[in-house]
Amino acid sequence: MARVTYKKIAYSDPKAFAIDVYKACLRLNLPPKAAILLTSHICLSTGYGRSVDNWRLAGIKAGNACVCAGTCAATYAGDYTCASGFEYVNGVRVDSIMPFRSYRTLDEGLAAVIALLKGSRYVRSWSYLMAGDQNYYAQLGRDGWYTASTTSVDASCRSIQKHVEAYVVGIKPDNFFRNASLAVLVVGISAAVAIKWL
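As the structure is a computational prediction, the values presented were derived from the model and not from experiment. (Residues numbered from 1 in each chain as written. Predicted model: local features only at pLDDT ≥ 70, side-chain atom pairs only at ≥ 80, totals over all residues. Heavy atoms only, no water.)

A. Local environment of the packing of aromatic side chains. This structure, assessed with the given rule, holds three aromatic pairs. Plain terms: the ring middles of tyrosine 11 and phenylalanine 17 are 4.9 Å apart, the flat faces sit at 70 degrees to each other, and that makes the pair edge-to-face. For tyrosine 11, a relative accessible area of 18% translates into the label buried. (Phe/Tyr/Trp six-rings, centres within 6.5 Å; stacked < 30°, edge-to-face > 60°. Buried < 20%, exposed > 50% of the residue type's maximum accessible area, 1.4 Å probe, protein only.)

Quick look at the structure:
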């Protein structure tokens, strides 16, 4: 694990950010409906891309604030950077300098989010996500992903989702056309073989 330089990364165009995240979700093999849900979640977590420093997309920490103060060891084995952040503790916002996981690219940061969601702690959230079910947002809160109000995060993500759906309409996975062409080819060959046997 290494502490890396803090890199400010910010999108000025919310639509461009949502499209980039959605396409990355598809590249990482999420189904389109799941990609929309995760994109909406990431848009909320980053202020539509205004704060994606070091490609941390969902505030994934690398340990406690004491890591940045040098008074304890981090539990995360990868790269991290120290930055200001906040949590809600017993309903009260607490600001501090915290260690956040750091990634080199959007895809790398998103892959880390997906890997965490696949873990045993978030099994119910993952099930909702893969089903394309909006209950994913509230379940994340119940599973402990964030410390804010589950009701407010759920409502915000559902609202953002409407925008994301409008932004990404018509975008298909890169392999969509390749798979569609293969299906047409197989159907065509099957039809030709069936005709030959008649």
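Read on for the rest.
B. Inspection of a nonpolar patch on the surface at higher detail. On the surface, a cluster of nonpolar side chains totalling about 220 Å² of accessible area is made up of Val89, Val92 and Val94. With respect to the element layout, valine 92 can be found in strand E2 (residues 92-101). (Patch = residues over 30% accessible without salt bridge, like charges linked within 9 Å, V, L, I, M, F, W, Y side chains within 5 Å. Areas by Shrake-Rupley, 256 points an atom, 1.4 Å probe, with all protein chains shown as cover. Salt bridge = Lys/Arg side-chain N within 4 Å of Asp/Glu carboxyl O. Helix = DSSP H or I, 4+ residues; strand = E, 2+ residues; numbered from the N terminus.)

C. The confidence of the model for the protein chain, seen in detail. Mean pLDDT over the protein chain stands at 84; residues scoring 70 or higher make up 87%. Per-element averaging of pLDDT across the protein chain places helix H8 (residues 176-197) at the bottom with 44 and helix H5 (residues 123-131) at the top with 97. Segment residues 176-198: pLDDT under 50, and one contact once partners within four positions in sequence are set aside and those in other chains are kept. (pLDDT = per-residue confidence, 0-100. Contact = heavy atoms within 4.5 Å.)

D. Structural view of helix H4 (residues 106-117). When the terminal C-alpha atoms of H4 are compared, their 17 Å separation across twelve residues agrees well with the 16 Å that a helix rising 1.5 Å per residue should span. Within the span of H4, buried status applies to Leu106, Gly109, Leu110, Ala112, Val113, Ile114 and Leu117. On its buried side, H4 packs onto helix H1 (14-27), helix H2 (32-46), H5 and helix H6 (135-142). (Expected span 1.5 Å × (residues − 1).)

E. Structural view of the state of the cysteines. Overall, the coordinates contain zero disulfides when judged by the stated rule. Between cysteine 25, a cysteine without a disulfide, and cysteine 43, which holds the nearest cysteine sulfur, the sulfur-to-sulfur distance is 9.5 Å. Residue cysteine 157 stays outside any disulfide, its sulfur separated by 9.1 Å from that of cysteine 43, the closest cysteine. Judged by relative accessible area, which is 1%, cysteine 157 ranks as buried. (Disulfide = S-S within 2.5 Å.)

F. Representation of unusual backbone geometry. Phi angles above zero are rare outside glycine, and asparagine 29 is one such case at about 70 degrees. Mapped onto the elements, asparagine 29 comes out in the loop between H1 and H2. The class for asparagine 29 is exposed, based on a relative accessible area of 63%. With phi around 55 degrees, tyrosine 48 is a residue other than glycine that occupies positive phi space. With respect to the helices and strands, the residue tyrosine 48 is situated in the loop between H2 and helix H3 (65-69).

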